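Summary of the model geometry
If you want the building blocks of each chain, they are given just below.
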2 protein chains.
Amino acid sequence: MGDGGLQARTEGDADRLDAVFAALSHRSRRDLVVYLAARTDSPRMSQVAADRGVSPQLLNKHTAALEKAGLVRRVGDGRERRLVLDTMALIEAQQWIVRAREYWTARLDALDSYISTMEDDHDA
Amino acid sequence: MGDGGLQARTEGDADRLDAVFAALSHRSRRDLVVYLAARTDSPRMSQVAADRGVSPQLLNKHTAALEKAGLVRRVGDGRERRLVLDTMALIEAQQWIVRAREYWTARLDALDSYISTMEDDHDA
DNA sequence: CATCGAGTAAACCATATGGTTTATTATTCG
DNA sequence: CGAATAATAAACCATATGGTTTACTCGATG
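Note that the structure is a prediction, hence the values are computed from the model and not measured.

Conventions used here
Residues numbered from 1 in each chain as written. Chains lettered and ligands numbered in written order. Predicted model: local features only at pLDDT ≥ 70, side-chain atom pairs only at ≥ 80, totals over all residues. Heavy atoms only, no water. Phe/Tyr/Trp six-rings, centres within 6.5 Å; stacked < 30°, edge-to-face > 60°. Helix = DSSP H or I, 4+ residues; strand = E, 2+ residues; numbered from the N terminus. Buried < 20%, exposed > 50% of the residue type's maximum accessible area, 1.4 Å probe, protein only. Expected span 1.5 Å × (residues − 1). Arc of directions from axis to C-beta. Contact = heavy atoms within 4.5 Å. Near = heavy atom within 4 Å. Polar contact = N/O pair within 3.5 Å; in protein donor to acceptor, adjacent residues only side chain to side chain. Buried area = accessible area lost by both parts, 1.4 Å probe. Salt bridge = Lys/Arg side-chain N within 4 Å of Asp/Glu carboxyl O. Least-squares fit on C-alpha atoms with pLDDT ≥ 70 in both. Nonpolar A, V, L, I, M, F, W, Y, C, P; charged D, E, K, R; others polar. Core = buried A, V, L, I, M, F, W, Y, C linked by side-chain atoms within 4.5 Å. pLDDT = per-residue confidence, 0-100.

Quick look at the packing of aromatic side chains now. Tallied over the full model, the rule gives 3 aromatic pairs over all chains. Considering the side-chain rings of Phe21 of chain A and Phe21 of chain B, the 6.1 Å spacing of their centres and the 25° angle between planes classify their relative orientation as stacked. Of this pair, Phe21 of chain A sits in helix H1 (residues 11-24) while Phe21 of chain B is found in helix H1 (residues 11-24), placing the two residues in two different chains. Of the two residues, Phe21 of chain A and Phe21 of chain B, neither departs from the other in class, the shared state being buried. Seen in terms of ring centroids, Phe21 of chain B and Trp96 of chain B are 6.1 Å apart; in terms of plane orientation they differ by 80°. Their pairing is edge-to-face. Taken together, the residues span a long stretch of sequence, with Phe21 of chain B in helix H1 and Trp96 of chain B in helix H5 (residues 88-123) at a distance of 75 residues. For the pair shown, Phe21 of chain B and Trp96 of chain B are each scored as buried. Taken together, Phe21 and Trp96 of chain A together with Phe21 and Trp96 of chain B form an aromatic cluster joined through their ring pairs.

Below, the structure written as structure tokens:
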């Protein structure tokens with residue numbers, strides 16, 4: 001392949017990355033991820049809504065966005081449901097960025113050696 | 001602070017992250033970043049449009065989104081302008097993710113030791 | 001069973017976004 | 001100068017998104 005795995009392998013992968021980045025493009029959703037990451041338990045929806053000072057309906061919508069991205073899951077089938085973080089998607093997003101930066105770094109290195117060559121030529 | 005720098009320091013920082021993640025939430029813009037990262041030169045707009053099979057107008061719009069995120073800059077004041085990648089914003093996004101994951105990892109470690117404790121209790 | 005409460009869905013509105021078509025603004029070059 | 005061309009702006013449309021208000025479902029509890 002030779003692309004370091006940067007190209008999405010399937011349409012679904014691309015859609016997934018779309019959803020992950022879109023979910024993270026909103027401050028209150030990022031904050032929600034942090035909020036979840038920082039606790040040791042999985043709080044109930046109402047708990048989250050109260051803690052974050054947001055209406056249950058809006059929380060529901062943001063949760064849906066995070067769910068679509070695979071960043072979060074709702075667990076429990078009773079009347080109370082709990083929100084749990086799922087960082088696999090986060091890792092995927094990070095990997096995309098890392099790989100893009102690796103490309104760029106390689107480019108910088110190439111430029112570096114190019115410049116060195118020029119300087120060597122100049123020195124010579 | 002104690003938040004590992006995860007909280008955005010200013011409103012502007014948050015807006016910036018919003019813009020970065022929003023820019024990356026679109027496949028063709030991600031591909032554009034990769035395209036730029038993979039070359040050693042800074043192509044002209046028309047070149048990019050041709051290479052990526054997209055209309056100049058649409059490229060302009062996507063470029064505006066990437067510019068707003070600080071991921072890309074246009075250089076040159078002549079009639080031909082070149083597109084250059086700027087990965088600082090990319091690094092910021094990566095750092096946000098890394099820090100969020102660090103939180104989560106800490107949580108996992110805590111859970112781990114909690115479970116160990118339980119097992120120890122059980123064993124005892 | 002009646003009700004209360006947690007969670008969700010639906011309707012609705014304002015604004016943002018992706019994309020095309022059309023029009024403008026330069027800037028090079030014959 | 002005048003035509004061709006790179007780049008961008010504007011107008012416009014369809015759809016998506018964030019957010020509020022209203023309404024529904026369903027399980028627990030008196």
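With that out of the way, let us pick up helix H4 (residues 56-68) of chain B. Residue and element names in this part refer to chain B. If you check H4, its first and last C-alpha atoms are 18 Å apart, about what 13 residues at 1.5 Å a residue would give, namely 18 Å. Here H4 has its buried residues at Leu59, His62, Thr63 and Leu66. Taken down its axis, H4 places every buried residue within 105° of arc, on the same side. H4 presents Gln57, Lys61 and Lys68 as exposed residues on the side facing more than 90 degrees away from its buried surface. Those residues of H4 that are buried lie in contact with H1, helix H2 (27-38), helix H3 (45-52), strand E1 (72-75) and strand E2 (82-85). The first or second residue beyond H4 is Gly70, which carries a positive phi of 75°.

So, about the protein's contact with DNA strand C. Taken together, 17 residues surround DNA strand C, and among them Ser46 and Arg81 of chain A together with Arg29, Gln57 and Lys61 of chain B come closest. One of the backbone N or O atoms of Met45 of chain A is found 3.3 Å from a phosphate oxygen in DNA strand C. His62 of chain B has a polar side-chain atom sitting 3.0 Å from a phosphate oxygen of DNA strand C. Looking at the surface near DNA strand C, the elements that each hand over two or more residues are helix H3 (45-52) and helix H4 (56-68) of chain A together with H4 of chain B.

Attention now moves to the interface of chain B and chain A. In this complex, chain B contributes 37 residues to the contact, which on the side of chain A involves 37 residues. Across the interface of chain B and chain A, roughly 3400 Å² is buried in total on both sides, 63% from carbon and sulfur atoms. A salt bridge links Arg30 of chain B to Asp18 of chain A; its shortest N-O distance comes to 2.8 Å. Scanning the region where chain B abuts chain A turns up 8 residue pairs in polar contact (both at pLDDT 80 or more).

A few words on the relation of the copies chain B and chain A. The operation relating chain B to chain A is a screw motion whose rotation component is 180°, with 0.0 Å of axial translation and a residual RMSD of 0.1 Å. Those values place the two copies in the arrangement expected of a two-fold rotation axis.

Near DNA strand D lie 17 residues; those nearest to it are Arg29, Gln57 and Lys61 of chain A together with Ser46 and Arg79 of chain B. Gln57 of chain A has a polar side-chain atom sitting 2.8 Å from a base oxygen of DNA strand D. Taking Lys61 of chain A, its side chain carries an N or O atom lying 2.4 Å from a base oxygen of DNA strand D. Secondary structure elements with two or more residues in the surface near DNA strand D: H4 of chain A together with H3 and H4 of chain B. Here the surface near DNA strand D is built from residues that sort into 3 nonpolar, 6 polar and 8 charged.

This part covers the side chain of Ser25 of chain A. Mapping Ser25 of chain A onto the fold places it in the loop between H1 and helix H2 (27-38). Exposure remark for Ser25 of chain A: the relative accessible area of 19% places this residue in the buried category.

Here we take up the nonpolar core. Of all hydrophobic cores here, the largest spans 58 residues; its most connected members are Leu71 and Trp96 of chain A together with Leu71 and Trp96 of chain B. Once you skip the residues sitting within four places of it in the chain, Leu71 of chain B turns out to touch Val20, Ala23, Leu24, Leu66, Val84, Leu85, Asp86, Ala89 and Leu90 of chain B.

What follows is about the confidence of the model for chain A. Considering every residue of chain A, the mean pLDDT works out to 86; 78% of them sit at 70 or more. With pLDDT under 50 throughout, residues 114-124 of chain A is counted as low confidence; its partners more than four residues away or in other chains account for 0 contacts.

All names here are of chain B. Summed over the entire model, instances satisfying the criterion amount to 17 salt bridges over all chains. With a closest N to O distance of 3.0 Å, Asp31 and Arg27 form a salt bridge. Of the two residues, Asp31 and Arg27 are both situated in helix H2; the distance of 4 residues between them amounts to about one turn of the helix. In this structure, the salt-bridge partner of Glu67 is Arg74, at a minimum N-O distance of 2.7 Å.

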